[in-house]
Structure formats: C-alpha cells, structure tokens
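Structure assessment
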Amino acid sequence: MVEKIFGSIIVREVPDQPGIYILFMNAGENKFNPTFMSNFHKALDYLESTKGPCGVVITAEGKFFSTGLDLEYFPRLPQPEKINFLRTYQRLIARILVLPFPTAAAINGHAYGAGAMLSLACDWRVMRQDRGFWCMPEVNIHMTLPPGMNGIVQNNVVSKQVYRDIVLLGKTYSGVAAAASAIVDQSAAQEDIVKLAIKYVCQAAEKAEDRHVFGALKREMHKDTYGKLVQDSLGESEIPRPNKSAKL
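Residues numbered from 1 in each chain as written. Predicted model: local features only at pLDDT ≥ 70, side-chain atom pairs only at ≥ 80, totals over all residues. Heavy atoms only, no water.

Digging into the overall build of the protein chain
Check the secondary structure of the protein chain and you find nine helices and 11 strands. In terms of C-alpha radius of gyration, the protein chain reaches 17 Å, essentially the compact-globule figure of 18 Å for 248 residues. Along the first, second and third principal axes, the C-alpha atoms of the protein chain reach 55 × 35 × 35 Å. Expressed as a percentage of its 248 residues, the buried residues of the protein chain come to 54%. Accessible surface, the protein chain as shown: approximately 11,300 Å² in total, 52% of it carbon and sulfur. Side-chain charges of the protein chain comprise 28 positive and 25 negative groups, with the mean position of each set lying 5 Å from the other. (Helix = DSSP H or I, 4+ residues; strand = E, 2+ residues; numbered from the N terminus. Rg over C-alpha atoms; globule rule 2.2 N^0.38 Å. Buried < 20%, exposed > 50% of the residue type's maximum accessible area, 1.4 Å probe, protein only. Areas by Shrake-Rupley, 256 points an atom, 1.4 Å probe, with all protein chains shown as cover. Lys, Arg positive; Asp, Glu negative; His and termini not counted. Charge placed at Lys NZ, Arg CZ, Asp CG, Glu CD.)

Below is the structure:
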C-alpha cells in the first residue's frame, strides 16, 4: 500500500484499487491555517503527479471533518493579512474544485465554515448520519462570504430556500438532514461513508486517465465560481468593519 505523509495530511492508496486514494486530514479539528494549507497543497501536488486513472476521497477520523478557519490564528491578524489569508484559502479551494480527477468528501464528523466549503468543493459528498453537523456559521460569527465562496454554495445547493437558510440563518444540518436537503449526496453509517465515497469516485476514475480533458471539463463546469475564487477581489470581505468588535 502506497502511503505518503505531508505533515498532518496523509495520502493512502486503497488496497487492490490502483489509482484510488484516501486523503486523511489528521490535525484534530483540521483547522485551516498556513501550515495546514501548505501540507494540503503538497498532498495535492503528489496526487496530481500520479499517472493513469485516479480518484480521491477526502476525509478525517474522529468527531471532526474540519471546523473551518483557525479562529485562534485568523482574528489576530491585521486586516491586510486577513485578506491575504482568505485569498490563500480561496486558492486552495479553487484548486480542489477543478482537480483533474474525481473527488468525494466522506464527512465523518463536524464540518463548519471553511470545512463545509471544502466538502462543497468536492464532486460528491457522503456524510455520517448519526453524528456530526454541517454548517456555514458566518452570519453568527460576523463574517461575510466572498463572491467565490457564495458561488460554491449556490452551485451545489439546488433549493433556493435551503441556500437562504444556509447563508442567512447559519442553519445546522445533520447528515440525514443534509442528504434530505441535497447538500450531500447520501448519508450513511460511519463505517460505510468511505466505502460509498470510493464508489462515487470509481464511477469516473477511468475517465480521468485523460487528466487534461477531465480537468478542462471541470474548469468549464465551474468557470464563473473558479474565476471569482482566484481573483484578487474578495467583495465586501475587504471592506473594513465599522464595528471594531466584529471578528473580521
């Protein structure tokens, strides 16, 4: 079994399934900070360097998938550094969105904010049905959603009512509720989520042998959102807040 370790990110090839990989996030709550994002990029560099059919499942272990931005690190940054940090995060999400092979998130536990966004950047999502919640809490922590992130939510949520509740209420969804609202493709028992996620990526892994075509198709699918994620502007996230006690 092939295993590559990039700090807190571990990449393992699935036994007897060449080209199918599990990317394990292994940093506790898997908060997005510069070190975590650098390790994630290194793991993606490795996966993109592989040849032939390919599919990748992103998951973690324990009660957390990812709790989002590192809120011990991020709020302390001066405003210009906050903006640069958000741009760096967006470029990572943009890269995942258009990876030239199929991806699936096996959501093993809580997925909040940037962690929920990570799941939406994948082509398929399977969420544990008995534990963990999915939520975009920005409205509750006084943060705006930049245009690119809003685009990812809009493109992945079919119902306008669900989209409204995600953004304006910061509504929390269990795995069962997320599946019923089509935020995820399926909910399942913990022991089955990775197996099901593997089945999803295996549907397209052979097609991804031609990485150029598969990547081009995804770039066209997500053209507008991808463009917003990689552009310098972050919309209203760049505007200094009149309330100095706000967290962004």
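Read on, since the account is not over.
A short note on the pattern of salt bridges
Counted according to the given criterion, the structure contains eight salt bridges. A salt bridge links R12 to E3; the nearest nitrogen and oxygen atoms lie 2.7 Å apart. Relative accessible area serves as the criterion here: at 24%, R12 is assigned to the partly exposed category. Residue class for E3 comes out partly exposed when judged on its relative accessible area of 38%. Here K31 makes a salt bridge to E72, at a shortest N to O gap of 4.0 Å. A residue pair is termed long-range when its members are at least 10 positions apart, and K31 in the loop between β3 (20-25) and α1 (34-49) and E72 in the loop between β5 (64-66) and α2 (79-97) qualify at 41 residues. Exposure remark for K31: the relative accessible area of 23% places this residue in the partly exposed category. Taken together, the shared-partner salt bridges in this structure form one network comprising E29, K31 and E72. (Salt bridge = Lys/Arg side-chain N within 4 Å of Asp/Glu carboxyl O.)

What about the packing of aromatic side chains?
Inspection of the entire model under this criterion finds nine aromatic pairs. Each ring, one from F6 and one from Y46, has its centre 6.2 Å from the other, and the planes form 35 degrees; the classification is tilted. Taken together, the residues span a long stretch of sequence, with F6 in strand β1 (residues 3-6) and Y46 in helix α1 at a distance of 40 residues. The pair F6 / Y46 is uniform in exposure class, with both members buried. Judged by centre distance (5.2 Å) and plane angle (80 degrees), the ring pair of F32 and F36 falls under edge-to-face. The two residues F32 and F36 agree in class, both being buried. Put simply, the rings of F32, F36, F40 and Y89 touch in pairs and so form one group of aromatic residues. Note that K82 overlies the ring of F74, its terminal NZ or CZ placed 5.8 Å from the centroid. (Phe/Tyr/Trp six-rings, centres within 6.5 Å; stacked < 30°, edge-to-face > 60°. Lys NZ or Arg CZ within 6 Å of the ring centre and 35° of its normal.)

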